[in-house]
Amino acid sequence: MLTFEALKSMDNLILVEQDEWFKLIDKFESISRSSPFALVYILSKIPFLKRFGLLLDIVEFLDSIRHYTGRGLAYVIGNTSSSVPDIEKNISICGVEYYRSLMCAVANNRESLGPACSHIMISAAVLSARVAALDIGQEVQKLARIQTRFGLRVTTTLLEYLSINVLKENLDDVFNKLTDVASFGEDYLCFYIMNGIKSDLDINHAASFTRPAVIDALRNYDANRLSSSPQLFSNADVAALLHNWRDLSYHSQMLIISQLESSVEAMQGKAASSSRYDAEMFGGAFGPGWCGPWAFCGRRTDITFARDELTSIMGGMLDRSSRIRLVRSHPSLFDRSLIFTDDRISSICDILFEKTSDKHFYQRISALKNLVNGDDADMRRCRSANKLWFCLWRRDPWSDYGRSDRMYSCTGFGDYAADSAPLAMQDRTLNKIEIWDNNELTCRLNICLVTDQHRNVRLLVDSLEGSDKSIKNSKKFVDVFSAISDLASFSNIGGVLINVLASYNNTPRRFSELVRQRANGQLRFFHLRRLVPVAISAPQLLSIPMRPYLETFKLHDEALVEAVSLDELRY
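About the thresholds
- Residues numbered from 1 in each chain as written.
- Predicted model: local features only at pLDDT ≥ 70, side-chain atom pairs only at ≥ 80, totals over all residues.
- Heavy atoms only, no water.
- Helix = DSSP H or I, 4+ residues; strand = E, 2+ residues; numbered from the N terminus.
- Buried < 20%, exposed > 50% of the residue type's maximum accessible area, 1.4 Å probe, protein only.
- Areas by Shrake-Rupley, 256 points an atom, 1.4 Å probe, with all protein chains shown as cover.
- Phe/Tyr/Trp six-rings, centres within 6.5 Å; stacked < 30°, edge-to-face > 60°.
- Lys NZ or Arg CZ within 6 Å of the ring centre and 35° of its normal.
- Pairing = 2+ DSSP bridges.
- pLDDT = per-residue confidence, 0-100.
- Axes fitted to C-alpha atoms, helices over the stretch in contact; angles between N-to-C directions.
- Parallel < 35°, antiparallel > 145°, perpendicular 65-115°, else oblique.
- Left-handed = near helix turned anticlockwise from the far one by under 90°.
- Contact = heavy atoms within 4.5 Å.
- Nonpolar A, V, L, I, M, F, W, Y, C, P; charged D, E, K, R; others polar.
- Polar contact = N/O pair within 3.5 Å; in protein donor to acceptor, adjacent residues only side chain to side chain.
- Core = buried A, V, L, I, M, F, W, Y, C linked by side-chain atoms within 4.5 Å.
- Patch = residues over 30% accessible without salt bridge, like charges linked within 9 Å, V, L, I, M, F, W, Y side chains within 5 Å.
- Salt bridge = Lys/Arg side-chain N within 4 Å of Asp/Glu carboxyl O.

(A) Region of the structure containing the overall build of the protein chain. Counting its secondary structure elements, the protein chain contains 32 helices and eight strands. A buried classification covers 52% of the 571 residues belonging to the protein chain. Total accessible area computed for the protein chain in this model is approximately 27000 Å², and 48% of it derives from carbon and sulfur atoms.

What follows is the structure, given as structure tokens:
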């Protein structure tokens with residue numbers, strides 16, 4: 001990439017003097033190791049930097065902070081399409097000498113500022129409206145103090161809102177006011193800054209975090225009222241809702257509130273749960289797997305898995321005579337003529353707890369009991385240490401909206417497609433297979449129910465998002481396809497198609513490349529349509545024009561998709 005960009009910037013490179021090259025070449029190399037894009041942007045800005053005599057200074061500055069700010073180096077230079085002001089825009093506002101003074105101050109305080117170095121340089125124009133060049137050193141020291149005490153997120157929020165809410169505030173006073181409310185957590189501090197740092201804040205200490213209270217706060221949104229209720233920010237996922245609520249359209253807000261209320265009512269037994277609705281809507285056609293609990297770790301973790309695990313535990317912790325006595329003393333639980341059920345296994349686990357003091361077996365029994373009672377966290381923790389664990393997306397509006405990595409592409413709050421998040425949550429034809437490695441959620445397979453040109457229902461694997469750690473190992477990569485195949489079988493879906501065209505980010509592209517390599521020349525184009533029955537049964541969705549982005553369909557209902565059938569894949 002760097003070679004290509006250098007060739008593109010050849011006209012710029014010839015502007016660099018020979019004696020400058022001796023000073024620049026090593027620093028170019030070190031900067032590229034921290035952030036290749038930073039070097040690309042520098043090359044594109046050489047004419048501008050040379051015109052103001054800044055080339056050597058900016059390269060030396062970036063080299064001095066590269067260990068502290070990483071990818072932020074690229075944003076300091078930026079380009080015309082950057083989401084933040086680039087160096088040209090900042091200098092056009094604050095002037096060259098002011099920018100030099102700011103670079104010097106940041107470099108002198110880089111150890112205290114850490115990753116905030118780049119954020120301060122991006123905010124050069126805003127800072128120039130607050131403080132003169134002679135005082136910029138003291139201002140940066142105050143920002144370093146805030147960074148050290150409250151961390152990067154609070155510091156960047158403060159820099160972002162300096163020009164809006166706290167332009168006239170002395171940073172020492174800001175530090176003291178933040179200290180007064182620091183006990184309420186980082187999420188509240190950021191909201192406090194976003195809505196203006198007030199001295200006469202009347203905090204309601206009697207308020208507590210409850211889900212109905214959150215729903216009421218969203219329905220009757222008032223920033224001043226929220227600033228007085230820091231307890232509502234004690235949950236990070238809910239805090240994300242409160243932070244970004246004003247940026248959502250009215251229709252999205254109403255649908256989110258409806259989803260949150262339905263979740264609370266379902267927990268209280270006052271309304272049919274979404275999973276019950278799913279079972280009615282999809283169960284007859286697709287079986288329980290698409291909407292019910294499903295997990296896979298080398299094999300499906302169903303009742304047969306639970307029974308085999310129970311047998312393994314008993315065989316390891318009890319000798320033959322002890323097992324015989326146990327079975328005879330509880331004949332109804334161990335009657336082979338009766339079908340094993342979750343409740344039956346749970347009852348046997350209760351008995352086994354009394355038979356062991358061994359920590360290892362106690363943990364295995366506990367994990368099994370929790371699994372059959374609907375909580376697979378302990379079993380996942382045990383099993384995913386040696387083999388990938390796969391499960392379906394839980395669709396919990398109380399946690400997913402606060403986690404952009406739990407939603408679909410670009411639908412996370414704060415992203416440009418956030419208004420499509422409620423539809424992604426509601427549209428039951430969309431789903432995800434979560435992949436856990438050593439009890440860490442590393443990546444997610446975006447999957448979708450579609451119909452082909454013959455109106456057959458298929459499971460489409462659209463893309464893989466997240467880390468590519470789990471697909472670098474060929475054995476784990478094979479496990480991915482085994483899990484997909486099992487889900488299709490469990491859900492009574494006739495066939496699986498895997499998309500092989502990805503246009504964004506390294507992980508989806510890498511996944512597509514690996515699938516192509518195993519396609520054995522069986523790639524074909526399929527005319528596919530999304531299956532969206534929820535839009536019919538939930539007409540409120542029609543008022544939200546934004547759809548969640550999929551690689552195959554983009555924002556459309558149908559497309560020609562280059563894919564391979566799972567049956568024809570070598571794995």
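After that view, the rundown keeps rolling.
(B) Broad picture of the packing of aromatic side chains. Here the structure, examined in full by the defined rule, presents 13 aromatic pairs. The interplanar angle of 55° and the centroid separation of 5.0 Å between the aromatic rings of Phe 48 and Phe 52 together place this pair among those described as tilted. Seen in terms of ring centroids, Tyr 188 and Tyr 192 are 6.0 Å apart; in terms of plane orientation they differ by 15°. Their pairing is stacked. Of this pair, Tyr 188 and Tyr 192 both sit in helix α16 (residues 186–194), four residues apart, which is roughly one turn of that helix. Grouping residues by exposure puts Tyr 188 and Tyr 192 together as buried. It is Arg 344 that lies over the ring of Phe 340; its NZ or CZ is 4.0 Å from the centre. The ring of Trp 436 carries Arg 380 above its face, with NZ or CZ at 3.7 Å from the centroid.

(C) Summary view of the pairing of strand β5 (residues 457–466). Where burial is concerned, most of β5 is hidden: eight out of the 10 residues are buried. Where strand β4 (residues 440–451) lies against β5, nine bridges are found, and the strand directions are antiparallel. Note on β5: the bridge partner recorded for Arg 444 is Glu 465. If you look at the hairpin formed by β4 and β5, you'll find five residues sitting between the two strands, and Arg 455 has a positive phi there, around 65°. Bridging between β5 and strand β6 (residues 495–499) involves four bridges; their strand directions are parallel. Counted as the bridge partner of Leu 459 is Val 496 from β6.

(D) Region of the structure containing the confidence of the model for the protein chain. Overall, the prediction assigns the protein chain a mean pLDDT of 86, with 90% of residues at 70 or greater. Within the protein chain, helix α9 (residues 96–108) carries the highest mean pLDDT (96), whereas helix α32 (residues 534–537) carries the lowest (46).

(E) Summary view of the packing of helix α6 (residues 55–69) against α9. Viewed as axis vectors pointing N to C, α6 and α9 meet at an angle of 20°, and their least axial separation amounts to 10 Å. Accordingly, the angle class assigned to the pair α6 and α9 is roughly parallel. Between α6 and α9 the crossing geometry is left-handed. Here Asp 57, Ile 58, Phe 61 and Ser 64 of α6 lie close against α9, whose contacting residues are Tyr 99, Arg 100, Met 103, Val 106 and Ala 107. Looking at the contact of α6 with α9 residue by residue, the class counts come to six nonpolar, one polar and two charged.

(F) Molecular detail of helix α19 (residues 236–244). In terms of residue burial, α19 counts as a mostly covered element, since seven of its nine residues are buried. Val 238, Ala 239, Ala 240, Leu 241, Leu 242, His 243 and Asn 244 are the residues of α19 that are buried. You can read the cap of α19 off the contacts: a side-chain oxygen lies 2.9 Å from the backbone nitrogen of Asp 237, and it is on Asn 235.

(G) Molecular detail of the nonpolar core. Ranked by internal contacts, the top residues of the largest apolar core, which has 109 residues, are Ile 58, Phe 61, Leu 62, Tyr 99, Leu 102 and Val 106. In terms of residues, this core owes the most to one element, α9, which gives eight residues. Counting residues in hydrophobic clusters, the runner-up holds 34 residues, among them Phe 296, Ile 433, Val 461 and Leu 464.

(H) Spotlight on a nonpolar patch on the surface. Taken together, the side chains of Met 10, Ile 14 and Leu 15 define a hydrophobic patch exposed on the protein surface, amounting to about 280 Å² of accessible area. Checked against the element boundaries, Leu 15 lands in the loop between α2 (10–13) and α3 (18–34). What makes Leu 15 partly exposed here is its relative accessible area of 37%.

(I) Structural view of the environment of Gly 495. Along the chain, the position of Gly 495 falls in strand β6. Exposure remark for Gly 495: the relative accessible area of 11% places this residue in the buried category. The spacing of Gly 495 and Ser 485 is 10 residues in sequence and 8.7 Å in space, taken between C-alpha atoms. Beyond its immediate sequence surroundings of up to four residues, Gly 495 is in contact with Val 457, Arg 458 and Leu 459.

(J) Quick look at the pattern of salt bridges. Throughout the structure, instances matching the rule amount to 33 salt bridges. Between Asp 486 and Arg 300 there is a salt bridge, and its shortest N-O distance comes to 3.0 Å. Taken together, the residues span a long stretch of sequence, with Asp 486 in helix α30 (residues 474–490) and Arg 300 in the loop between β1 (295–296) and α22 (303–317) at a distance of 186 residues. Judged by its relative accessible area of 12%, Asp 486 falls in the buried class. Taken together, the shared-partner salt bridges connect Lys 45, Asp 86 and Glu 88 into one network.

(K) Looking closely at helix α15 (residues 171–181). Within α15 the residues assigned to the buried category are Leu 171, Val 174, Phe 175, Lys 177, Leu 178 and Val 181. In this structure, the buried residues of α15 make contact with α12 (124–130), α13 (136–150), α14 (152–161) and α16.

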